[in-house]
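# Structural overview for review
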Amino acid sequence: MANAASGIAVSDECKLKFLELKRKKTYRYIVFKIDEKAKGVIVEKYGAPEESYDDFTAALPENDCRYAVFDFDFVTDENCQKSKIFFIAWSPDTARIKAKMIYASSKDRFRRELDGVHYELQATDPTEMDIEVIKDRAN
C-alpha cells in the first residue's frame, strides 16, 4: 500500500485492476472508493468491456465522491481506432464536506499511482463529465 498525502493508502488491487484496463482491455471503467475505516483507496466496482459510458456514469453515486477511470474508444477523422484513458475525480456538490476534503487531498497522489492516464477531469455535476466533454477532450 502506497501512502497518499492525506495518509490514505492505495491498495495493490487498484494498481493491478488499472493495469488490466490499460494493457488487456479487461474493463471499460473502474470506480475507486476511499474506505475511511481502512484509510485506503479500494476498487468499488468495474465494468465489462462492452459496457457504455451511460453504464459508467450510472455506477457513480449521486451524493458521494469517487475516483474513476474510463477507457474511451473512438475513431479519428483519419478513420483510425484510438483509445484514451480518462481519470475522473467525481465530487458532487451534495457530498459531505469531509468526503470532499479527503478526496481532494488524496487525488494527486492516487492519480500518480495510475501510470498511463491521458486526461483528467474534475466533475461536481454530471454535465461536467458528459460524453460530449469526453469526446472533445479526446480529439
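This is a predicted model, so every value here is computed, not measured.

With that out of the way, let us pick up the overall build of the protein chain. Counting secondary structure elements, the protein chain contains 4 helices and 7 strands. Counting helices and strands in the order they occur from the N terminus, the protein chain gives β-β-α-β-β-α-β-β-α-β-α. For the protein chain, whose C-alpha radius of gyration is 15 Å, the value lies close to the compact-globule estimate of 14 Å for 139 residues. Residues classed as buried in the protein chain amount to 42% of the 139 residues present. For the protein chain, the exposed surface amounts to about 7500 Å²; the carbon and sulfur share of it is 48%. Counting 23 positive and 26 negative side-chain charges, the protein chain places the centres of these two groups 7 Å from one another.

Under the defined criterion, the tally for this structure stands at 13 aromatic pairs. Where Phe-32 meets Phe-110, the ring centres are 5.0 Å apart and the plane angle is 70 degrees; that geometry is what we call edge-to-face. Within this pair, whereas Phe-32 is found in strand β3 (residues 29-35), its partner Phe-110 is found in helix α3 (residues 97-113), the two being separated by 78 residues in sequence. Relative accessible area serves as the criterion here: at 0%, Phe-32 is assigned to the buried category. Exposure remark for Phe-110: the relative accessible area of 0% places this residue in the buried category. Each ring, one from Phe-56 and one from Phe-70, has its centre 5.1 Å from the other, and the planes form 35 degrees; the classification is tilted. Remark: Phe-70 occurs in strand β5 (residues 66-75) and Phe-56 occurs in helix α2 (residues 53-58); sequence separation between them is 14 residues. In this structure, Phe-56 and Phe-70 share a single accessibility class: buried.

Attention shifts here to the side chain of Glu-113. Within the fold, Glu-113 resides in helix α3. Only 3.4 Å separates the side chain of Glu-113 from the side chain of Lys-15, close enough to count as a polar contact.

This paragraph deals with the pattern of salt bridges. Close approach of charged atoms allows side chains with opposite charge to pair. According to the stated counting rule, one finds 13 salt bridges in the structure shown. Glu-44 is paired through a salt bridge with Arg-66; the nearest N and O atoms lie 2.7 Å apart. Highlighted residues: Glu-44 in strand β4 (residues 40-47) and Arg-66 in strand β5, separated in sequence by 22 residues. Several salt bridges converge on common partners, so that one network encompasses Asp-12, Lys-15, Arg-109 and Glu-113.

Time to look at α3. It helps to recall that an α-helix has 3.6 residues per turn; residues three or four apart then point in one direction. Taking 1.5 Å as the rise per residue, α3 with 17 residues should run 24 Å; its terminal C-alpha atoms sit 25 Å apart, in good agreement. The largest bend along α3 reaches roughly 50 degrees and is located at Lys-107. All of the buried residues along α3 are Ala-99, Ile-102, Tyr-103, Ser-106, Lys-107, Phe-110 and Glu-113.

Reading the values: rules and limits
Residues numbered from 1 in each chain as written. Predicted model: local features only at pLDDT ≥ 70, side-chain atom pairs only at ≥ 80, totals over all residues. Heavy atoms only, no water. Helix = DSSP H or I, 4+ residues; strand = E, 2+ residues; numbered from the N terminus. Rg over C-alpha atoms; globule rule 2.2 N^0.38 Å. Buried < 20%, exposed > 50% of the residue type's maximum accessible area, 1.4 Å probe, protein only. Areas by Shrake-Rupley, 256 points an atom, 1.4 Å probe, with all protein chains shown as cover. Lys, Arg positive; Asp, Glu negative; His and termini not counted. Charge placed at Lys NZ, Arg CZ, Asp CG, Glu CD. Phe/Tyr/Trp six-rings, centres within 6.5 Å; stacked < 30°, edge-to-face > 60°. Polar contact = N/O pair within 3.5 Å; in protein donor to acceptor, adjacent residues only side chain to side chain. Salt bridge = Lys/Arg side-chain N within 4 Å of Asp/Glu carboxyl O. Expected span 1.5 Å × (residues − 1). Bend = angle between axes of the 7 residues up to and from the residue.

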